[in-house]
Amino acid sequence: MKLALVGMPGGGKSTVGKQLARQIGVPFVDSDHEIEARIGGSIKQFFERHGEDAFRDLETEVIAELVTRPGDCVLATGGGAVLRDRNRDLLHSNATVLYLRSTPEDLFRRLKHDTTRPLLQVKDPLARLRELHHQRDPLYRRCAHYVLESARPSVHALVNMALMQLELAGLLDPTRVAATVGAEPV
């Protein structure tokens, strides 16, 4: 099983992805970390030196490699990965895509002190998040097989929502990894 998580910056893709991968017993891969390993530095620095187009070209190469790599995994993508048709096509046709959807206001609360995200280093980050959400939400939806509202739930609840969705879709054997929402501790 190959799962890919898409969504806005700060939407929980990496955090949820790590836990989800652990629950289903597959490797976790973060496309941004793969990119940083390839360039030998930070995305922020690459972005500043080479611009967004060069970054997006590299991102497409990395996503193509990751989704066509043999074996199962949970892949967390960068927030802007869906901006390119090619990336949406690669993700949708080679993985089960979960869109972790949050409101711009919830994202702002999580990200207001984060200085590592290049697209949010602006005078009014909330306005920028609203603009990005307006632009990207339809693209995330187009790419996704499933949408999970991630504004308020805990990481544990989001992982369980994902597991339940995968179980209901017949993509995950419930006897292998059952969702535990509402379950009594053993």
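Residues numbered from 1 in each chain as written. Predicted model: local features only at pLDDT ≥ 70, side-chain atom pairs only at ≥ 80, totals over all residues. Heavy atoms only, no water.

Trainee: What should I look at first to understand the sheet that holds strand β5 (residues 146-149) in this one?
Mentor: Within a sheet, adjacent strands bond to each other through the backbone by hydrogen bonds, running parallel or antiparallel. Strands sit in the order β2-β3-β1-β4-β5 across an open sheet of 5 strands; the sheet is parallel. Either end of the sheet is taken by a strand with one partner, and the two such strands are β2 (28-30) and β5. Direction aside, the axes of adjacent strands within the sheet are offset by 25° on average. This element, helix α2 (residues 31-39), spans β2 and β3 (73-76) of the sheet and lies at about 65° to β2. Helix α6 (residues 125-143) rests against β1 (2-6), β4 (96-101) and β5 of the sheet, and its axis sits at about 150° to β4. (Pairing = 2+ DSSP bridges. Helix = DSSP H or I, 4+ residues; strand = E, 2+ residues; numbered from the N terminus. Axes fitted to C-alpha atoms, helices over the stretch in contact; angles between N-to-C directions. Contact = heavy atoms within 4.5 Å.)

Trainee: Help me understand the packing of helix α3 (residues 43-68) against helix α4 (residues 85-94) in this model?
Mentor: Helix-helix packing is characterised by the crossing angle of the two axes and by the distance between the axes. Axis separation between α3 and α4 bottoms out at 10 Å; the angle between their running directions is 10°. Here α4 runs roughly parallel to α3, going by the angle between their axes. Every residue of α4 that contacts α3 at E59, T60, I63, A64, V67 and T68 is listed here: R86, N87, L90, L91 and N94. When its residues are assigned to classes, the contact of α3 with α4 shows 5 nonpolar, 4 polar and 2 charged. (Parallel < 35°, antiparallel > 145°, perpendicular 65-115°, else oblique. Nonpolar A, V, L, I, M, F, W, Y, C, P; charged D, E, K, R; others polar.)

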